[in-house]
Amino acid sequence: MTSTAKLEYRTLAESQLDVICIENQYCEAIIAKQGAQILQYRLKSSNGRPDKTLLWLSQHLPQQGQKAIRGGIPLCFPWFGAHPVQPNLPAHGFARTEIWTLEHIQAEAHQHNLTFSLQSDEHTKTNWNHDFQLKMTIHCGEDLSLTLSVHNTGITPFTFSFAWHSYFAVSDIHDTQILGLENTAYIDQLHQQNPHRQTEPSLSFSAETDRIYYQTQGHYCIQDPLQQIKIDSPDCPDAVVWNPWANKAARLADMQDHAWLGFVCLESGQIHTPVQLPAQHNVNFHMHITADLL
Ligand code: TA6
């Protein structure tokens, strides 16, 4: 049992991704400077409970700064999905491919808090002509939580959408259910029709699933025979649920065969009604994740 906090800077051999590796009493984690993206979070075994890897991560990592890393918790900002007007711009925005600055480290025996920032510059303005500063704090301890602060540092208002595109590791998508979406409206991204409403208490999976739920309660549980993962993000009004299933997964170059069986994306954010942020204002979002092994 580690009684002290460990922190190490590494550059991953093949991808040249600059990462920060932390370990404390409760967990081990790896966070990439690209996108301030947590790639791995492993809860240590305790009181007879086995250890638990919470997040799924592709084995195919891109060269740093070249393209999005599939897995962990990528940040989609300042738009979600394809750009609404310019389809040539990167899907899910550019925040997840930019190299963020590690601003602050708080390391204690039982937790780490790492704060990263991303400032607008001439490069980001080629994609989105606004002045902004993002700050993301990642708390790694007995639980995992993220805080995102979006600051409009310009002189004009801007509008953005965002989501934490979280890839949660599950034993088998066929045996996975998501609770917390009962009586919630959603748009089925696979059949762009009118909104639907989920009436069932739980969502299970038997085919490609790609839904944007909106005006949610902000409290979800991913359940499979071995675990419960609770996600609380009450200041994020929307949630996306995605699994590509076999056919779409086969078309994703950075998804190894059958990997689609081992994850579900439950993505907290604000998409359906984008955020309107006046000049010199800021807004904060929070997501808190806990895992209980059954
Ligand atoms: O998670 C919802 C979604 O928008 C899906 O439509 C799918 O495209 C997924 O994101 C993955 O997007 P990415 O750009 O990370 O490959």
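Residues numbered from 1 in each chain as written. Predicted model: local features only at pLDDT ≥ 70, side-chain atom pairs only at ≥ 80, totals over all residues. Heavy atoms only, no water.

What is the right way to look at the site of the ligand in this model?
Looking at the ligand, the residues that line it are R70, F80, H92, R96, H165, D210, V240, W242, K248 and E267. A distance of 3.0 Å separates an oxygen atom of the ligand from a polar side-chain atom of H92. Between the ligand and H165 there is a distance of 2.9 Å, counted from an oxygen atom to a side-chain nitrogen or oxygen. When isolated, the ligand has an accessible area of 390 Å², and the protein chains bury 82% of it. In terms of residue class, the shell around the ligand is made up of 3 nonpolar, 2 polar and 5 charged. (Near = heavy atom within 4 Å. Polar contact = N/O pair within 3.5 Å; in protein donor to acceptor, adjacent residues only side chain to side chain. Areas by Shrake-Rupley, 256 points an atom, 1.4 Å probe, with all protein chains shown as cover. Nonpolar A, V, L, I, M, F, W, Y, C, P; charged D, E, K, R; others polar.)

I keep staring at a nonpolar patch on the surface and nothing clicks. Help me out?
Together, L7, Y9 and I105 make up a nonpolar patch on the protein surface, roughly 260 Å² of accessible area in all. Structurally, L7 can be placed in strand β1 (residues 6-11). (Patch = residues over 30% accessible without salt bridge, like charges linked within 9 Å, V, L, I, M, F, W, Y side chains within 5 Å. Salt bridge = Lys/Arg side-chain N within 4 Å of Asp/Glu carboxyl O. Helix = DSSP H or I, 4+ residues; strand = E, 2+ residues; numbered from the N terminus.)

What should I look at first to understand the nonpolar core in this one?
Most often, soluble globular proteins keep nonpolar side chains buried together rather than apart. L144 and W164 are the most contacted members of the largest nonpolar core, which has 73 residues in total. With 6 residues, the top contributor of residues to this core is strand β21 (residues 263-277). Look past the residues within four positions of L144 in its chain and what remains in contact with it is I38, Y41, L54, L55, I73, I138, H139, M287, H288 and I289. Grouped together as the second largest cluster of nonpolar side chains are 8 residues, A32, L39, L57 and I69 included. (Core = buried A, V, L, I, M, F, W, Y, C linked by side-chain atoms within 4.5 Å. Buried < 20%, exposed > 50% of the residue type's maximum accessible area, 1.4 Å probe, protein only. Contact = heavy atoms within 4.5 Å.)

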